[in-house]
Amino acid sequence: MKDIVLKSTQQEILFLKSNDYIQIKGGAGSGKTTVAAFRAKHLSHSQENLFQEKNIIILTFTNALVDELKTIIPFVHAGYEKGEEFFEPEGKIGLDVKVQTFHSFAISILNRYGITYNIISKNIKAEIIKNSISQLQMIYNNDPAILNQKIDFYIKEISYLKGKLIFNENDYLNSKRYGRGTDVRVTQNDKKIIFRIFSDYENELKSRNLDDWEDVLILCLKTIREKKIKNLFSHIIIDEAQDLQRVAFEIVKLIISEYTNSVTLVGDANQKIYSSGFTWREVGINIVGRTVELKENLRTTKKIHRISQHLIKNNSDFSPEKTSIPYESQVEGDYPILYESGDLSAQFYQAIKLLKTLNLNVNDKIAFVHRTHSGIRDLFDMIKEDGNFSSRAINPKNSFDFNGASDILIGISTMHSVKGLNLDYIFIFDVNDGIIPYTDEKDASIDIERNLLYVSITRPTKNFYIFTNHLNKSIFKNELISSKDLKIDKIDDILF
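Chains are numbered independently. Their residues run from 1 in the order of the written sequence. Under the rules for a predicted model, residues below a pLDDT of 70 receive no local features and side-chain atom pairs below 80 are neither given nor counted, while totals for whole chains, interfaces and linings still include all residues. The side-chain values count all of the structure's non-hydrogen atoms but skip hydrogen atoms and water molecules.

### Digging into empty space enclosed by the protein
- Of the two site types, the cavity is a set of points on a 1 Å grid over the protein atoms alone where a 1.4 Å probe fits but cannot get out, and the pocket is an open set with protein on both sides within 12 Å along at least five of seven lines, each lined by residues with an atom within 4 Å of a point. Grid points are joined across faces, edges and corners, and a volume is the space filled by probe spheres set on the points. Taken as a whole and judged by the stated rule, the model has one cavity of 30 Å³ or more.
- Computed from the structure, the largest cavity encloses a volume of approximately 30 Å³.
- Every residue lining the largest cavity is listed: Leu 338, Val 431, Ile 466, Thr 468, Ser 474, Phe 476 and Lys 477.
- Put simply, the parts of the chain that give the lining of the largest cavity at least two residues each are strand S14 (460-469) and helix H15 (476-481). Numbering of helices and strands runs from the N terminus; a helix is a DSSP stretch of H or I covering at least four residues, while a strand is a stretch of E covering at least two.

### As for the packing of helix H5 (residues 122-139) against helix H8 (residues 188-208)
- Lines fitted to C-alpha atoms define the axes, with helix axes restricted to the stretch in contact, and inter-axis angles between N-to-C directions lie between 0 and 180 degrees. Where H5 contacts H8, the axes come no closer than 9 Å and their chain directions differ by 135°. By the angle class used here, H5 and H8 are oblique. Handedness of the crossing formed by H5 with H8: right-handed. Here H5 contributes Ile 124, Lys 125, Glu 127, Ile 128, Ile 129, Ser 132, Ile 133, Leu 136 and Ile 139 to the contact with H8, which in turn contributes Ile 193, Arg 196, Ile 197, Asp 200, Tyr 201, Glu 204 and Arg 208.
- The class makeup of the residues in the contact of H5 with H8 is nine nonpolar, one polar and six charged. Throughout, the term roughly parallel applies to angles under 35 degrees, roughly antiparallel to angles over 145, roughly perpendicular to angles from 65 to 115, and oblique to all others. Note on convention: the crossing is left-handed when the near helix lies turned anticlockwise from the far helix by less than a right angle, right-handed when the turn is clockwise. Note on contacts: a residue pair qualifies if any of its non-hydrogen atoms lie within 4.5 Å across the two residues. In the scheme used here, Gly and all other residues not listed as nonpolar or charged are polar, with Ala, Val, Leu, Ile, Met, Phe, Trp, Tyr, Cys and Pro taken as nonpolar and Asp, Glu, Lys and Arg as charged.

### Brief notes about the pattern of salt bridges
- Salt bridges are defined by distance alone: a side-chain nitrogen of Lys or Arg within 4 Å of a carboxyl oxygen of Asp or Glu. Tallied over the full model, the rule gives 21 salt bridges.
- With a shortest N-O distance of 3.0 Å, Lys 162 and Asp 212 are connected by a salt bridge. Pair noted here: Lys 162 is in helix H6 (residues 151-163) and Asp 212 is in the loop between H8 and helix H9 (213-226), with a separation of 50 residues, a long-range link.
- Using a relative accessible area of 0% as the deciding quantity, one classes Lys 162 as buried.
- In this structure, Asp 447 and Arg 450 form a salt bridge, with 3.0 Å as the shortest nitrogen-oxygen distance. With a gap of three residues between them, Asp 447 and Arg 450 both fall in helix H14 (residues 446-457), about one helical turn apart. For the pair shown, Asp 447 and Arg 450 are each scored as buried.
- Residues participating in the shared-partner salt-bridge network are Lys 162, Glu 202, Asp 212 and Asp 215. When accessible area is computed with a 1.4 Å probe and restricted to protein chains, residues below 20% of their type maximum are described as buried, those above 50% as exposed, and intermediate ones as partly exposed.

### Here we look at the nonpolar core
- To define a nonpolar core, start from buried Ala, Val, Leu, Ile, Met, Phe, Trp, Tyr and Cys residues and group those joined through side-chain atoms within 4.5 Å. Counting residues in hydrophobic clusters, the biggest one holds 34 residues, and the most contacted among them are Phe 105, Ile 236, Ile 238 and Leu 265.
- Setting aside anything within four residues of it in sequence, one finds Ile 236 in contact with Ile 57, Leu 59, Val 252, Ile 255, Ile 256, Ser 262, Val 263 and Thr 264.

### Remarks on the side chain of Ser 30
- Relative to the helices and strands, Ser 30 is located in the loop between strand S1 (21-26) and helix H2 (32-46).
- A residue is classified by how much of its surface remains accessible, and Ser 30, at 3% relative accessible area, is buried.
- Not counting residues up to four positions away in its chain, the partners in contact with Ser 30 are Gln 10, Leu 294, Glu 296 and Leu 298.

### Quick word on the sheet that holds strand S4 (residues 235-238)
- For two strands to be treated as a pair, DSSP must find no fewer than two bridges joining them. Taking strand neighbours across the sheet as the criterion, the six strands line up as S3-S2-S4-S5-S1-S6 in an open arrangement whose pairing is parallel. In this open sheet, the two strands that pair with only one neighbour each are strand S3 (98-101) and strand S6 (291-294). Each strand axis lies, on average, 20° off the axis of its neighbour in the sheet, ignoring direction.
- Two elements, strand S2 (residues 56-60) and S4, share four bridges in a ladder whose sense is parallel. Looking across to S4, one finds that Ile 58 is bridged to Ile 237.
- Along the sheet, helix H3 (residues 63-72) makes contact with S2 and S3, crossing S3 at roughly 160°.

### Quick word on the confidence of the model for the chain
- Predicted confidence across the chain gives a mean pLDDT of 86, with 88% of residues reaching 70 or more.
- How sure the predictor is of each residue is captured by pLDDT, a score from 0 to 100. Predicted confidence is poor over residues 179-184, with pLDDT under 50, and the contacts of this stretch with residues over four places away or in other chains come to 13 contacts.

### Topic: the side chain of Arg 371
- Tracing the backbone through its elements, the reader meets Arg 371 in the loop between strand S10 (366-370) and helix H13 (373-386).
- A 3.5 Å cut-off defines polar contacts: any pair of N or O atoms within that distance qualifies, except that in protein one atom must be a possible hydrogen donor and the other a possible acceptor, and neighbouring residues in sequence count only when both atoms are side-chain atoms. Looking at Arg 371, its side chain comes within polar contact range of the side chain of Glu 449, at 2.8 Å.
- Beyond its immediate stretch of four places on either side in the chain, Arg 371 contacts Lys 156, Thr 414, Met 415, His 416, Ile 435, Ile 436, Tyr 438, Glu 449 and Leu 452.

Here is the structure:
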């Protein structure tokens, strides 16, 4: 990685108050994560407190983001002066701070006090929910529609309840669904039924001595309160803050120093891809008058930028103020392409054919992404069978290592796990209704599905390629092609 030099608008963030909460908002490619790392370095280099030694942590959402931050950290330096255009790096290059996901931090607290947990598998979780639904369908002879949703809906709703620390029915009935649709889509009677499923699920977890990942955060919060743990960190920087749950912010409020109260929140509402469903005020955070925004897109080509804006403007909460602008020296770039192909196998072989025509080098960051875990497993199997290219998992929790005939490396990932990453090329497969978007276009969560596609197409610096089955196209296609910067290529899948 070459030396990193911050633009003047980015430099200003380094000098914001260090004794209260601040928010850094910015669109895809605006350098939010880089600025977060530089702010951590600036605070470490310049801030002293009479009552507490400096102890800084950067918390984020995924392991892939932790890895991305670790590629930036060796090049971070101090030396910027407020209002000065030029700078001279000062002190040691690099950043000596903790970088963790919220869950890894929570696990470290539990381990410190010998508190054990036993994570439930996805299959058992689905089994418990299906059993509860079957029992409720026998009770409700009229078979309410809320019991006919996909399993993923109930999993998300359970995560929402636990993330918001809601454990009784009345609190759930009175909760507002910020960013998750309205109560017209999920009625009060629906909520009562959902809460029955939630209660059955919780009871089964206890009887089987199992925990889910929300429980890990809840156990961490409980431990911090019981052990009266406080003042762990003088400064906390939270990357991708828009997707965190209330329980995570309750933890932050307890572990931040009472002497500094220094928390930097970094995020972008257009990249919200999980249904956390809260407002800053609801979690007791006041950032009125303490929000700065990075508007310039420094990553993608101008064509990619314009296409992304055509897509995201369809969100129900979109406003012109959320529109980012391309950096003046950005290149126009090649045309991104949407291929109308056949099934996943046909899409894959078109992608391989396309890869062979690109002028690639071994340092190019290439990703094959799919909405589902089963989809990325299928892609990995096809890469092995084809044998031309090497592969690895972008999310370190997965194992997709394969040494092919070429040194060109393909990263394999779900769409969720590329969030926050910088890539050169991205290939997005099965952009079809029922996969992406996973839900119906009338569903309240359609904006989150659109955000997920927006996040994916704004990762690359060079180009993106979308593959769809011509028999089952995505509703997002028309939104994308409203931009004249996207080319459409129709393929006869019989050829493959």
